[in-house]
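One-letter residues, chain by chain:
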There are 4 protein chains.
Amino acid sequence: MNKNTFAVTPPMGWNSYDYYDTSVNEEQVKANADYMAKYLKPYGWEYVVVDIEWYSMDAGSQRDRYQYIPFWDVAMDEYSRLQPCEQRFPSAAGGKGFAPLAEYVHNLGLKFGIHIMRGIPRNAAHAHTKILHSTHTANEIAQPNNICDWNPDMYGIDPKAEGAQEYYDSLMELYAQWGVDFVKCDDICRMDMPTAKEEIRMLSEAIQKCGREIVLSLSPGPAKIEEAWYYETHANMWRITDDFWDDWRLLLPMFARCELWQSHVKSGCYPDCDMLPVGKLGKGFADERTTGFTKEEQITMMTLWSIFRSPMMIGADLPQLDDWTKSLLTNEEVLRLLKYSEGARQMMRNDKQVVWCTRDTQDPVDYIAVFNLQDTEETISLPWQQIEQYGVHAGEAKELWTGETTDLKGQDAVNVAAHGAKLYRVTRA
Amino acid sequence: MNKNTFAVTPPMGWNSYDYYDTSVNEEQVKANADYMAKYLKPYGWEYVVVDIEWYSMDAGSQRDRYQYIPFWDVAMDEYSRLQPCEQRFPSAAGGKGFAPLAEYVHNLGLKFGIHIMRGIPRNAAHAHTKILHSTHTANEIAQPNNICDWNPDMYGIDPKAEGAQEYYDSLMELYAQWGVDFVKCDDICRMDMPTAKEEIRMLSEAIQKCGREIVLSLSPGPAKIEEAWYYETHANMWRITDDFWDDWRLLLPMFARCELWQSHVKSGCYPDCDMLPVGKLGKGFADERTTGFTKEEQITMMTLWSIFRSPMMIGADLPQLDDWTKSLLTNEEVLRLLKYSEGARQMMRNDKQVVWCTRDTQDPVDYIAVFNLQDTEETISLPWQQIEQYGVHAGEAKELWTGETTDLKGQDAVNVAAHGAKLYRVTRA
Amino acid sequence: MNKNTFAVTPPMGWNSYDYYDTSVNEEQVKANADYMAKYLKPYGWEYVVVDIEWYSMDAGSQRDRYQYIPFWDVAMDEYSRLQPCEQRFPSAAGGKGFAPLAEYVHNLGLKFGIHIMRGIPRNAAHAHTKILHSTHTANEIAQPNNICDWNPDMYGIDPKAEGAQEYYDSLMELYAQWGVDFVKCDDICRMDMPTAKEEIRMLSEAIQKCGREIVLSLSPGPAKIEEAWYYETHANMWRITDDFWDDWRLLLPMFARCELWQSHVKSGCYPDCDMLPVGKLGKGFADERTTGFTKEEQITMMTLWSIFRSPMMIGADLPQLDDWTKSLLTNEEVLRLLKYSEGARQMMRNDKQVVWCTRDTQDPVDYIAVFNLQDTEETISLPWQQIEQYGVHAGEAKELWTGETTDLKGQDAVNVAAHGAKLYRVTRA
Amino acid sequence: MNKNTFAVTPPMGWNSYDYYDTSVNEEQVKANADYMAKYLKPYGWEYVVVDIEWYSMDAGSQRDRYQYIPFWDVAMDEYSRLQPCEQRFPSAAGGKGFAPLAEYVHNLGLKFGIHIMRGIPRNAAHAHTKILHSTHTANEIAQPNNICDWNPDMYGIDPKAEGAQEYYDSLMELYAQWGVDFVKCDDICRMDMPTAKEEIRMLSEAIQKCGREIVLSLSPGPAKIEEAWYYETHANMWRITDDFWDDWRLLLPMFARCELWQSHVKSGCYPDCDMLPVGKLGKGFADERTTGFTKEEQITMMTLWSIFRSPMMIGADLPQLDDWTKSLLTNEEVLRLLKYSEGARQMMRNDKQVVWCTRDTQDPVDYIAVFNLQDTEETISLPWQQIEQYGVHAGEAKELWTGETTDLKGQDAVNVAAHGAKLYRVTRA
């Protein structure tokens, strides 16, 4: 299998984390999937991803003290593999795992994804439980000092231990049986622990063996630019930032990150700008709210993610989506860039403004994105020398968020709102 | 209680680690104690210290793979406190802990010490066991990402958690009941983990509360010089080096470490140069051997430790002590410096030689130590300007390792063997 | 002017440094140019570059003590601009600078390049000399603590000072008058000093203003990968390594560097692997020798530089070129990759072997390069899964160093000499 | 000569920097000396120190752009030695240097000090000027990349160059001829450049050779604690902080610095807390003002400097001293600690309060200093356990800033003003 064909354009979908934190349940996942199938699927949205700690008993119940309750009970099969907690995922009863939920999602014409943590459960290591297709046990492959700094569930795995690859193989074998299409592995992308690099390889090898085209997504960032080739070889997407939230102070540095990774976007290989924190957020964090981004900031985010071709995972609770946010997420002409553009490059960036260009792969059009980083509406200059050097020329243009048309020829600058963006589709001469 | 009175001069004793690693048993401890009582006690040697993992089942049984078997069974009471493993310490049966062994040692006129790891057993955290005098349980004070990098037994403790101080109090209460005179706490001195500093304070507070004068020794080094005052406030000795072994490449950097810490030696406060790896070593490490140090190197080590006034813990298996090593460890005139000298200072140090001076606190004599760092016998110059500035003057002298007498007046240099030392006791004019 | 059109394929030429160090003179430059015009030009070699300190009096005369004599006299015009030292470049007499030598080179159908150091001469700053087209003087734009760590000639320039841009403009104005085609600026690429980044921009702006298409090359490396976009925007080539010499221990790490920069090679933008230390080297360093590389190592270097599309600058003294080295440098089928290949990517790399692929832009052929990093001849496996994923398929092939043909279909591995390489041109099916 | 006898108690004096910056002149120095002789000398104040750039032409005349004008003219003798600039020090005319001013100061019964920068003048290196008693010239001992980061006057000296020690010897020979009692060498204490350590040794050796007891003071800090022994061996005082000014945010960290260095204060060896920025400050900086410290903060500073036994150099312009500040600087009972106390130790320190103790060496009294770090008046607890452990016991006490007497017996706490201090002299029982 060629892993680059698993996702020939950047994955688009929904992820439970931004709204539900660790507490999402089956009913809520279904409600979001239903909404996506009904309203978003025509625009390319297709992945439904259950994020962290679907296996943890009482997850979220001690939220004032812990995000992740340490030393607690988890659902696990006899082979040290975590299972959906039946408290929250009743269809998992009888050892069926996520198969029923995956089937539900597939029946809607969508794809199903799950989050996992790098390693093997601490509970398995302490209980010396078995590893499928191996004579070795969990304690023999777990490393006691190989841990995640922010989550207490797992021990990292010794890549040299016998049974190590077998354990990752057994995970992907199970996920393939369940019908999983997408695995987001956490505590691995940043390579905080020395074994993480090898564990990425083990995951990728396990996917090749399992026979199912499972997209591999690595978290959290920032990914290491000096390992770009390694990510490209083994994974489909890798986070280029730490957790992203609805705060301009987090959106601003994304321009530097996209500059850094711009040469590394290609089919099957996506530097990942993280979830879209729009709409309703934060309930599981005891901080339920509407996104803290202004509308202009959301347009900036969507424009950057689109022209850069980041994967897009919606953080909002979909059933509560308001009309404006829905329109933001269903602008066909903008989302087209994820599917049919290539070779995007930054034209210029300073403290005040950023300009990017890209080319359409099918239609005779090009794109120019203009960002205003300042706190007031400003006239933003267009760096035509760089733009022409890139191969894009001024001409008839349509601004894709407002629908306004204009002739850019002779235009040295455009007005852009505070923290806002304009995305021009320019007809080739 | 004033902790500085617990050890008014640097502690001297024996420690099980260098010969037995994790595997020492009751019989072996007694044999070493017997030897000490009979042959070494008259020279000031008095502590008998049981080092790491006396609580671990099967300790040392998987030595080809692990020094410390991870995720394994330990002996523990209902209050999350580790107990001597009855496999190796039969007298601990019936919940008596180390009390019988401590009594045995006390009956020989000696003192009894144990090694502990910072934190609370991982097994306790996962089992949610109780804490004495507290309504909280082990999992509530253990921190899942607060671990030792090289030993898998414990989780570090959250200093802000309710029950944290109670747990350390309960340890010292138990050790006082057992009759422990000396606690060497490991994974704490270097402050690798951010809570280690607070855990030092908690240990010191627990000792104050327990009512017994327990000497507190901190490992491993190198201690942080910028925390000198903190160590002095809370502990009696702290390691200024990582584990020290019988290798000249480890002895050489001790001169820089002693230079660094020379102003910090005072009654009850001892920067610690670590154990004396002399005689028979390494059995528990599957590397049984006679010390790799030459005789001259051993003289250098003893001279430096003595003039610097480091605590001295013998690493050899005492019953196998040869005559030469015994004489090395029973040179009264040299060991006198631990008891009756003060204010030692380095006079000079370069790549080739080192000179130190100190003063006797009772007799009208001073001391000059001359070290040759070179690989050949050399004539080592005496920096009289520095020595006189310090307040020591040339005069009649006795070299304390050879017994030879000489008049240093007018002597600009002395011959010293390769890697060797001379220690002069100079009569004040 | 579009700086990317100044060098649409990687520059190829000769540089005086590896053989002559600081001491090269006019006659020697001409002799090398003559050789190039006669024997190498047909293969694409065209730049003749005079490297460091052509302006320094007595350069090389105190080579036992200094590579660069500090606080020494330099040739400089009234506008603080360094001039060729007439001692070594007689044609520069009468203020003609490098114009006569450039003309000589141009008349051979070749291009002329020079090396400069970032900044303004220290001598100018201390003498308060003038800046062309400015009322400010050298001391006003020089920064006293902005220096090069290894060369004493210059002070770095304060980008905010009035007169700063004018000074760089005046340099490029002069070089354009001389007929310079290529400027290699040193002490700038690694951005050791904080102003270096702005000085790159000032250089690029000065080139745009000067009206001549001057290729801008930045040294020394390693360039900062996080500044990739910045180099691409302002320069034509940038060193990805510190000085490269004829030593396998320096060649080996080039594979990691090429992996790192592989996505950043495009027309007008070349990560630079540094000079080719082949043939006769080192005379100016008082270490005259034939390259220390084995033939196989030279083939490895040429193969990597070619498939990666690094600029190529010969370090040898050309008139002394032996036949074998000449054949190495005139293999048309190999050198073709610099001109007519695109999109090279590493297929795999470990401690033992490396494989790269690329595509021809004109002919229906692809290329596979196989490197053996080991110290013995080995059978190197071909990672067909990766290669096919990249889009190259097994078929009829010619090995371009030996001329042997083979059918790679079904071949899982090939023999490669110790430290050697094979470069296959594969016909597309 | 024993350098520790040059200053048997911490030096006390005045320094021109805080008020005059680089611009101080002879008349101003004399005015300050006159004031000191008349009003301060009885309290132990005796050094009059001319700080930075007494040799620089036009010093201070471009203060809006430069603190130190780069590439400028300096007064220098034929042996590369800087001379007082006659513009500002007319008595230096005729090659007399600082001799006349030193004599003036001596005639007042005071001592004379100067500031120097590490190294040899850049102007000397570029002019190849001579070195006294050497055949070598300035350019041969200056290192072109060995510079100060913040001052452009000098190049550092290559300790291995012939002529290097001779140059430092020639400086001290000159200063001894002038009658200098105190040299503050800058750009050396922090060892920013690798040669600084050796240059300290060269300075100390030069002082030994010159035959005059010149106190050696090293700047700027923070000094490296791991080099404590080295400073103690070669210098009399060394700065433990970067430049200290009248800002609570700079005073607060001094408690941590004093904690760090407390074991290193002894006769002839003084960790230095830097000048006292009291009274009128900042004229030369174009920021003339009365100190920004509150009275309580000044009491805190004086109390800490006194009990720690830091050298004390007044930063104020003395002729403008107000009565309150004068009283602050002439409290005999407080200043007594500099002369007659020993062995000061911190008893406790946290974010809110600090307590120190020391002992009088002549009278049967001890001292307790209590500091309130908080922004409001607070009741500060007295840590009697630590204090008694140190050897000081509660008893009749006098607070030395207010003169109030009290019996500390049974007192668990005392009120202290915001950012203020109390200094108790306690009668021994």
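Owing to the predicted nature of the structure, the values given are computational and were not obtained by experimental measurement.

Criteria and thresholds
Throughout this document, residue positions are counted from 1 along each chain, in the order its sequence is written. Both sets of labels track the order of writing: A upward for chains, 1 upward for ligands. Local features are withheld for residues below a pLDDT of 70 in this predicted model, meaning they are given only at 70 or higher, and side-chain atom pairs are given and counted only at 80 or more; totals for whole chains, interfaces and linings count all residues. The basis for the side-chain values is all heavy atoms of the structure; hydrogens and waters are excluded. Least squares is the method used to superpose the copies, on C-alpha atoms of residues holding a pLDDT of at least 70 in both. Pairs of strands are assigned from DSSP output, requiring at least two bridges between the strands. For helices the rule is a DSSP run of H or I covering at least 4 residues; for strands it is a run of E covering at least 2, with both sets numbered from the N terminus onward. Only the contacting stretch of a helix is used when fitting its axis, a line to C-alpha atoms as for every element, and angles between N-to-C directions run 0 to 180 degrees. It only takes one pair of heavy atoms within 4.5 Å for two residues to be counted as in contact. When two components associate, each loses some accessible surface as probed by a 1.4 Å sphere; the sum of these losses over both components is called the buried area. Definition used for salt bridges: Asp or Glu carboxyl oxygen within 4 Å of a side-chain nitrogen of Lys or Arg. In the analysis that follows, any N or O atom pair within 3.5 Å is treated as a polar contact, provided that within protein one partner can donate a hydrogen and the other can accept it, and provided that, for residues neighboring in sequence, both atoms belong to side chains. Remark: exposure states derive from per-residue accessible area (1.4 Å probe, protein chains only) relative to the maximum for the residue type, with buried under 20%, exposed over 50%, and partly exposed in between. Expected helix span is given by 1.5 Å per residue-to-residue step, counting one fewer step than there are residues. Centres within 6.5 Å make a pair out of two Phe, Tyr or Trp rings, where for Trp the six-membered ring is used; the pair is then stacked when the planes are under 30 degrees apart, edge-to-face when over 60, and tilted otherwise.

**Student:** I tried to follow the relation of the copies chain C and chain A on my own but got confused; where do I start?
**Tutor:** Overlay of chain C on chain A (RMSD 0.0 Å): rotation 180°, translation along the axis 0.1 Å. Viewed as a symmetry operation, the transformation between the two copies matches a two-fold axis. The position closest to the rotation axis in chain C is occupied by the C-alpha of Ser263(C), lying 2.8 Å away.

**Student:** Sorry, what's going on with the sheet that holds strand β15 (residues 365-372) of chain D here?
**Tutor:** Strands in a sheet are paired, the pairing made by backbone hydrogen bonds, and the direction either parallel or antiparallel. Residue and element names in this part refer to chain D. Taken together, the six strands give an open sheet; going across it, the order is β13-β14-β15-β20-β17-β18, and neighbouring strands pair in antiparallel fashion. The strands lining the two open edges of the sheet, one partner per strand, are β13 (341-349) and β18 (405-407). Each neighbouring strand pair of the sheet contributes to a mean axis angle of 25°, computed without reference to strand direction. As paired elements, strand β14 (residues 353-360) and β15 share seven bridges and run antiparallel to each other. Along β15, the bridge assignment pairs Arg359 with Asp366.

**Student:** What's the story with the interface of chain C and chain D in this structure? I'm lost.
**Tutor:** By a frequent convention, interface size equals the accessible area lost on bringing the separate parts together. Opposite the 23 residues of chain C that make contact, chain D presents 22 residues. When chain C packs against chain D, the two sides together hide about 1800 Å² of surface, and 55% of this comes from carbon and sulfur. Together, Phe71(C), His126(C) and Pro144(C) form the three largest contributors to the area buried by chain C at its contact with chain D, with a combined 38%. The interface formed by chain C and chain D holds zero salt bridges in total. At the junction of chain C and chain D, the tally comes to twelve residue pairs in polar contact (both at pLDDT 80 or more).

**Student:** What's the story with the interface of chain C and chain A in this structure? I'm lost.
**Tutor:** Across the boundary between the two partners, chain C contributes 24 residues, which contact 24 residues of chain A. Both faces considered, chain C and chain A share a buried interface measuring about 1800 Å² in area, 44% of it formed by carbon and sulfur atoms. Among the residues of chain C in contact with chain A, Trp229(C), Ser263(C) and Gln389(C) are the three that bury the most area, contributing 34% of the side total. Put simply, chain C and chain A have zero salt bridges between them. Here chain C and chain A share eight residue pairs in polar contact (both at pLDDT 80 or more) between them. Elements represented by at least two residues in the side of chain C that touches chain A include exactly α8 (228-234), α10 (254-261), β13 (341-349) and α14 (384-390) of chain C. Element by element, the count of residues in the side of chain C that touches chain A is highest for β13(C), at five residues.

**Student:** Any chance you could explain the environment of Pro152(D) here in plain terms?
**Tutor:** Residue and element names in this part refer to chain D. Looking at the secondary structure, you find Pro152 in the loop between α5 (138-141) and β5 (154-155). Pro152 sits in the buried class, given a relative accessible area of 8%. Separated by 149 residues in sequence, Pro152 and Lys3 have C-alpha atoms that sit 31 Å apart.

**Student:** Would you take a moment to explain the pattern of salt bridges for this structure?
**Tutor:** Should the charged atoms of two oppositely charged side chains come close, the side chains can pair. Summed over the entire model, instances satisfying the criterion amount to 112 salt bridges over all chains. Note that Lys266(A) and Glu232(A) form a salt bridge whose closest N and O atoms lie 3.7 Å from each other. With a gap of 34 residues between them, Lys266(A) in the loop between α10 (254-261) and β9 (270-272) and Glu232(A) in helix α8 (residues 228-234) connect regions that are remote in the sequence. In this structure Lys266(A) comes out as partly exposed when scored by relative accessible area, which is 30%. In this structure Glu232(A) comes out as buried when scored by relative accessible area, which is 7%. Across the pair Glu333(C) and Arg425(C) runs a salt bridge, and its minimum N-O distance is 3.0 Å. Here the residue Glu333(C) occupies a position in helix α13 (residues 332-340), and Arg425(C) occupies one in strand β20 (residues 421-427), the gap between them amounting to 92 residues. Its relative accessible area of 25% is what places Glu333(C) among the partly exposed residues. The exposure class assigned to Arg425(C) is partly exposed, which follows from its relative accessible area of 23%.

**Student:** What's the story with the side chain of Asp360(D) in this structure? I'm lost.
**Tutor:** All names here are of chain D. Tracing the backbone shows Asp360 in strand β14. Its relative accessible area of 5% is what places Asp360 among the buried residues. Other than its neighbours up to four places away in sequence, Asp360 contacts Arg336, Tyr340, Ser341, Val365, Asp366, Tyr367 and Arg428.

**Student:** Is there a simple way to explain the arrangement of the chains in this structure?
**Tutor:** The closest approach of any C-alpha atom in chain B to one in chain C is 26 Å; the two make no contact. Between chain A and chain D there is no contact, and the shortest C-alpha to C-alpha separation is 26 Å.

**Student:** Would you mind showing me how to read helix α2 (residues 26-40) of chain B here?
**Tutor:** For an α-helix the count is 3.6 residues per turn, leaving residues at separations of three or four pointing the same way. All names here are of chain B. End to end, α2 covers 20 Å across 15 residues, agreeing with the expected 21 Å (1.5 Å per residue, within 8%). Along α2, the residues classified as buried are Glu26, Gln28, Val29, Asn32, Ala33, Tyr35, Met36 and Leu40. The inward-facing, buried residues of α2 contact β1 (12-15), α1 (17-20), β2 (47-50), α3 (99-107), β12 (312-314) and α12 (323-329). Capping of α2 at its N-terminal end is provided by Asn25; its side-chain oxygen lies 3.2 Å from the backbone amide nitrogen of Glu27.

**Student:** Help me understand the pairing of strand β19 (residues 413-416) of chain B, please; the structure alone is not making it clear to me.
**Tutor:** One face of the sheet, then the other: side chains in a regular strand alternate in exactly this way. Residues and elements named next belong to chain B. Of the two faces of β19, only one is covered, namely that formed by Val414 and Val416; the face formed by Ala413 and Asn415 stays uncovered. Direction of pairing for strand β16 (residues 378-381) relative to β19: antiparallel, over a ladder of four bridges. Residue pairing for β19: Ser381 is matched across the bridge by Ala413.

**Student:** Looking at this structure, how should I read the packing of aromatic side chains?
**Tutor:** Under the criterion given, the structure shown has 96 aromatic pairs over all chains. Relative to Tyr168(B), the ring of Tyr167(B) lies with its centre 6.1 Å away and its plane at 55°, an arrangement referred to as tilted. With relative accessibility at 1%, the residue Tyr167(B) sits in the buried group. The interplanar angle of 85° and the centroid separation of 5.3 Å between the aromatic rings of Trp245(C) and Phe285(C) together place this pair among those described as edge-to-face. One end of the pair, Trp245(C), is in the loop between β8 (237-239) and α9 (248-251); the other, Phe285(C), is in the loop between β10 (280-281) and β11 (289-290), with 40 residues separating them in the sequence.

**Student:** Teacher, can you tell me more about the sheet that holds strand β14 (residues 353-360) of chain A here?
**Tutor:** Residues and elements named next belong to chain A. Read from one edge to the other, the open sheet built from six strands follows the order β13-β14-β15-β20-β17-β18, with strand pairing classed as antiparallel. Each end of this open sheet is capped by a strand with a single partner; those strands are β13 (341-349) and β18 (405-407). Strand after strand, the sheet turns through a mean of 25° between neighbouring axes, direction not considered.

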